[in-house]
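Analysis of the macromolecular model
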Amino acid sequence: MTTTAGDGIDVEKVRLETPGCASVTHLNNAGAALPPAPVLDAVTEHLRLEARTGGYEANDLARELTEGFYDAVAGLVGAHRDEIAYVENATRAWDMAFYAVPFAAGDRILTTTSEYASNAIAFHQVAKARGVSVEVLPDDGDGQLSLDALAAELARGRVRLVAVNHVPTHNGLVNPAAEVGRLCREAGVLFLLDACQSVGQLTVDVREIGCDMLSATGRKFLRGPRGTGFLYVRRDLLRELEPPFLDLHSAVWTAPDRYEIRDDARRFETWERYVAGQIGLGVAAGYAAALGVRAIEERVTGLAARLREELAATPGVTVLDRGARRCGIVTFTVAGRESAEVKGVLRERGINVSVTDHTHQRLDPNAVPAAVRASAHYYNTDEELDLLVSAVRGIAPRR
């Protein structure tokens, strides 16, 4: 294989700061990445503080760190701190935004063939309850969302929301989010971007993209703790969206029969939360920003491109990724082998991957029953890719 350069990232240093690199070849970053030591330390130190002083008391002592989360995440995605909410995972962050949209009968929701199962279920729940329609935009010739089809549907009118994923969970393509944002702004239509798989591996700037809302997780490419995520909501939109549920943190009880909702994005939060996780997620966002998101994207996409090339050159292996632009996710099948079997063989050799499931991709006409999903991160090396390719070639059918 051709060697992939560090692209501005000190790979040896980040590997030393990643305890898991010493024991496993981790190519399941689209599932949950290995956290760096600063994130691990931040979480465990706060848990120890809670054990020593009490949970409420530890929260008071860590106020500067929890507040720092908003600055770190906002800086990472080009937002203002008052546009960021801490939420326990990307699905709940997406839900809080989606269910806050004031849908009315006859409204239309536009989405993609690669939509995630949880989001699709929410679409249909709201469709049944409020009389809206859910319409799936076709792919273009490269496999990503068709911008021509989107423009045509926006021109027809009655579109209340365009909700798309930046990166599908089961494919290496990158949807043209900025172009979607431009079309939605021109049409005056809300744009909700699911950035669960893109934040942490790609450059994501909410101003450049033009999305009104964005949801993301901590555990994937951002390398934060599990059970953490965040929601971005554009400042000018906040007062138009009432969260689907409120508590004494998101609103103030002003009289026995009245309340006032917060005027910042924290209206989408709840008072009780994983405080150690919030601190850790802020550290993870700062860690990524310090490395440089463009340097991260260059290395991750470079590693994945090499992996696709080598797998595609292997007899019996079919690489499934589409899109004019691709990311760190690489999906493939091996002739004569179940994808779960391939995953098992790789796991026995200390290589972590995952398997996609067609029941999560019911809108995608190109979805296969199952595929192996390998997802590279900047701390992965050429040698680790060699290990995966060698293992796959060992079980692939020979000519």
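Residues numbered from 1 in each chain as written. Predicted model: local features only at pLDDT ≥ 70, side-chain atom pairs only at ≥ 80, totals over all residues. Heavy atoms only, no water.

1. Quick notes on the overall build of the protein
Each helix and strand counted, the protein has 13 helices and 15 strands in total. In terms of overall size, the protein behaves like a compact globule, its C-alpha atoms giving a radius of gyration of 21 Å where 399 residues would be expected to give roughly 21 Å. Principal-axis analysis of the C-alpha atoms places the extent of the protein at approximately 75 × 60 × 35 Å. Across the 399 residues that make up the protein, the buried fraction comes to 54%. In the protein, the proportion of contacts linking residues at least 24 apart, taken out of those at least 6 apart, comes to 72%. (Helix = DSSP H or I, 4+ residues; strand = E, 2+ residues; numbered from the N terminus. Rg over C-alpha atoms; globule rule 2.2 N^0.38 Å. Buried < 20%, exposed > 50% of the residue type's maximum accessible area, 1.4 Å probe, protein only. Contact = heavy atoms within 4.5 Å.)

2. Structural notes on the sheet that holds strand β2 (residues 84-87)
Here we have seven strands laid out as an open sheet, ordered β2-β8-β7-β6-β5-β3-β4, and mixed in their pairing. Edge strands, defined here as strands with exactly one partner in the open sheet, are β2 and β4 (133-137). Each adjacent strand pair in this sheet contributes to an overall mean axis angle of 20°, direction not counted. Pairing between strand β3 (residues 108-112) and β4: five bridges, direction parallel. Across the sheet, the residue bridging to L110 is E135, located in β4. Across the sheet, helix α6 (residues 117-130) touches β3, β4, β5 (159-165) and β6 (190-194), and the angle it forms with β4 is around 145°. (Pairing = 2+ DSSP bridges. Axes fitted to C-alpha atoms, helices over the stretch in contact; angles between N-to-C directions.)

3. Some remarks on the nonpolar core
In this structure, I84, L150, V162, F191, V199, L214 and F230 are the most contacted members of the largest nonpolar core, which totals 53 residues. The biggest single contributor to this core is helix α4 (residues 63-77), with six residues. When sequence neighbours within four positions are dropped, the list of residues in contact with I84 reads F69, Y70, V73, A74, V77, A79, F230, L231, Y232, A265, R266 and E269. Formed by 28 residues, the second largest nonpolar core is a distinct cluster that contains A85, A100, A122 and L231. (Core = buried A, V, L, I, M, F, W, Y, C linked by side-chain atoms within 4.5 Å.)

4. Let's talk about a nonpolar patch on the surface
Judged by side-chain polarity, Y56, L248 and W271 come together as a nonpolar surface patch covering roughly 400 Å² of accessible area. As for its placement among the helices and strands, W271 is situated in the loop between β10 (258-261) and α10 (275-291). (Patch = residues over 30% accessible without salt bridge, like charges linked within 9 Å, V, L, I, M, F, W, Y side chains within 5 Å. Areas by Shrake-Rupley, 256 points an atom, 1.4 Å probe, with all protein chains shown as cover. Salt bridge = Lys/Arg side-chain N within 4 Å of Asp/Glu carboxyl O.)

5. Notes on the packing of helix α11 (residues 293-312) against helix α13 (residues 382-395)
At a minimum axis distance of 10 Å, the contact between α11 and α13 shows a crossing angle of 25°. By the angle between their directions, the pair α11 and α13 is classed as roughly parallel. Remark: the crossing between α11 and α13 carries right-handed chirality. Here α11 contributes L303, R306, L307, E310 and L311 to the contact with α13, which in turn contributes D382, L385, L388, V389, V392 and R393. (Parallel < 35°, antiparallel > 145°, perpendicular 65-115°, else oblique. Left-handed = near helix turned anticlockwise from the far one by under 90°.)

6. Quick notes on the sheet that holds strand β11 (residues 317-319)
Strand order in the open sheet made by the four strands is β11-β12-β15-β14, with antiparallel pairing throughout. Two strands bound the open sheet, and with one partner strand each, they are β11 and β14 (354-357). The mean angle between the axes of side-by-side strands here comes to 40°, regardless of whether they run parallel or antiparallel. Looking at chain direction, β11 and strand β12 (residues 329-334) are connected through three bridges and run antiparallel. Following the sheet pairing, T318 is matched in β12 by T333. Strand contacts of α11: β11, β12 and β15 (370-375), with the helix running at about 15° to β12, the strand carrying the most contacts.

7. Side note on the pattern of salt bridges
Between side chains of opposite charge, a pair can form as their charged atoms come close. This structure, assessed with the given rule, holds 27 salt bridges. Through salt bridges that share partners, E67, D71, R81 and R266 make up one connected network.

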